Amino acid sequence: MRTEFTVDISAFCFCRGVVSFLGAVGHAFAIRTFVAMGLKDGVTLSFLFLSVSDLLYLISITAASVSYIFLSIELLSHFAVYFPVDPYGLNTYFINCGSGFYANTMLTITFLSIARCLSVAKPLWFRSIFGTTTVSLVCLISISSFCLVTSIPILVSMEFMPVFEQGINTTRLTLSFSANLKPVTYIIWLLRGSFVPFAVQLILIICVCVMIRFLRKAVKFRQKHTSSSRITHRVKAKKGESTTNNLQENVKLTRREVQVIRQMLVLSLVFIVCNVPKICINTTIFAVPEFSVDGRYGRMYERVDIVRDALQIFNSCFSIVIYYKYNSKFRAVFCF
């Protein structure tokens, strides 16, 4: 039974590695595109930071997937084939690296959603604050700094040391954890692994509701205004006056605003859906401590965690499609 489970996990890791690698390549092109577009506004700069964060996350997951495939080779061969570095330790190390980058993705999406929410709810206030790249740059650097600072204790607590393993009768580098930093890493897990996902989920749901509400109002207003403009256009046309340029400009502005809001709405909604398994896992762990890797419900935890992992990868990869679908300038400048 365990062998079948190992084969299933290996197949999943292979698929995960391929998808993550392709997503990383896509984000490399997306980063080139955002740079080519010119970082003249906070929104484009924010999407650049988000794409870099997704790129680093997907690279980490690709490396973790390769490590787990090596581990599967050892297990399926009953350690007739083994490697000088413990693949499970490498997998754990890269997963922890990826969690820091994904935390950066979560917070960057939250920042983008709040900024876009303000752009429809408080447009004048939004332009005065986020009209330049300075404020956005400060916020994005602060987010990245927070993720870096909270990742350092976790990475420092992990160290590869030579350990003799009786199962393979040899000494190889194995991942060990520092007991001194265990309380610190637990606090970071509570903050970044539990509190942040809950807070981000709540904020994004509120932002999505606000954006939808104001978007509907804006669309109704502009439809009414466009209808009135057409009547005025007919009246002025009879008088020989031209209003074509003004009408086209108004319609063009409406489409651009709707396009930007839709881009952020889809990005936020996809993240909300993909974040549900993580919320469920964290909630269940607090309610049922045995729901863990080493607990009574370890097998169930592993399967739910696979779903969480797959949805997080999907979220990071799918953002490229959203950029291309809802950003006409991104499509025009897209760099292969």
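Because the structure is predicted, anything quoted here is derived from the model rather than measured.

Each value, and the rule that gives it
Residues numbered from 1 in each chain as written. Predicted model: local features only at pLDDT ≥ 70, side-chain atom pairs only at ≥ 80, totals over all residues. Heavy atoms only, no water. Axes fitted to C-alpha atoms, helices over the stretch in contact; angles between N-to-C directions. Helix = DSSP H or I, 4+ residues; strand = E, 2+ residues; numbered from the N terminus. Parallel < 35°, antiparallel > 145°, perpendicular 65-115°, else oblique. Left-handed = near helix turned anticlockwise from the far one by under 90°. Contact = heavy atoms within 4.5 Å. Nonpolar A, V, L, I, M, F, W, Y, C, P; charged D, E, K, R; others polar. Buried < 20%, exposed > 50% of the residue type's maximum accessible area, 1.4 Å probe, protein only. Expected span 1.5 Å × (residues − 1). Polar contact = N/O pair within 3.5 Å; in protein donor to acceptor, adjacent residues only side chain to side chain. Pairing = 2+ DSSP bridges. Salt bridge = Lys/Arg side-chain N within 4 Å of Asp/Glu carboxyl O. Phe/Tyr/Trp six-rings, centres within 6.5 Å; stacked < 30°, edge-to-face > 60°.

Caption draft 1: Molecular detail of the packing of helix α2 (residues 42-76) against helix α8 (residues 298-326). Remark: α2 packs on α8, axes separated minimally by 10 Å, with the N-to-C direction vectors making an angle of 140 degrees. Relative to α8, the element α2 is oriented oblique. In terms of crossing hand, the pair formed by α2 and α8 is left-handed. Here F47, L50, S51, D54, Y57, L58 and I61 of α2 lie close against α8, whose contacting residues are D309, Q312, I313, S316, C317, S319 and Y323. Of the residues in the contact of α2 with α8, the class split is 8 nonpolar, 4 polar and 2 charged.

Caption draft 2: Broad picture of unusual backbone geometry. A positive phi is found at H78, a non-glycine position, where the angle reads about 55 degrees. Even without a glycine there, the phi angle at N169 is positive, about 55 degrees. Inspection of the secondary structure puts N169 in the loop between β1 (158-165) and β2 (170-177). For N169, a relative accessible area of 60% puts it in the exposed group.

Caption draft 3: Local environment of helix α3 (residues 87-121). Compared with the 51 Å implied by 1.5 Å per residue over 35 residues, the 50 Å span of α3 between its first and last C-alpha is a close match. Among the residues of α3, the N-terminal cap falls to D86, whose side-chain oxygen and the backbone nitrogen of Y88 are separated by 3.3 Å.

Caption draft 4: Structural detail: the pairing of β2. Inspection of the sheet shows β1 paired to β2 by 8 bridges, in the antiparallel sense. In the strand pairing of β2, V163 is matched with R172. Hairpin connection from β1 to β2: 4 residues lie between these consecutive antiparallel strands, with N169 at a positive phi of about 55 degrees.

Caption draft 5: A look at the pattern of salt bridges. Here the structure, examined in full by the defined rule, presents 5 salt bridges. D86 is the salt-bridge partner of R172, the closest N and O atoms lying 3.5 Å from each other. One end of the pair, R172, is in strand β2; the other, D86, is in the loop between α2 and α3, with 86 residues separating them in the sequence. As far as the burial class goes, R172 and D86 line up, both buried. R308 is paired through a salt bridge with D305; the nearest N and O atoms lie 2.6 Å apart. Note that R308 and D305 are positioned in helix α8 at a spacing of 3 residues, about one turn of the helix. Judged by its relative accessible area of 15%, R308 is buried.

Caption draft 6: Broad picture of the packing of aromatic side chains. Counted by the stated rule, this structure contains 15 aromatic pairs. On the numbers, 5.7 Å between centres and 85 degrees between planes, the contact of Y324 with F334 is edge-to-face. Pair noted here: Y324 is in helix α8 and F334 is in the segment after α9 (328-333), with a separation of 10 residues, a long-range link. One aromatic cluster in this structure is built from F34, F47, Y323, Y324, F330 and F334.

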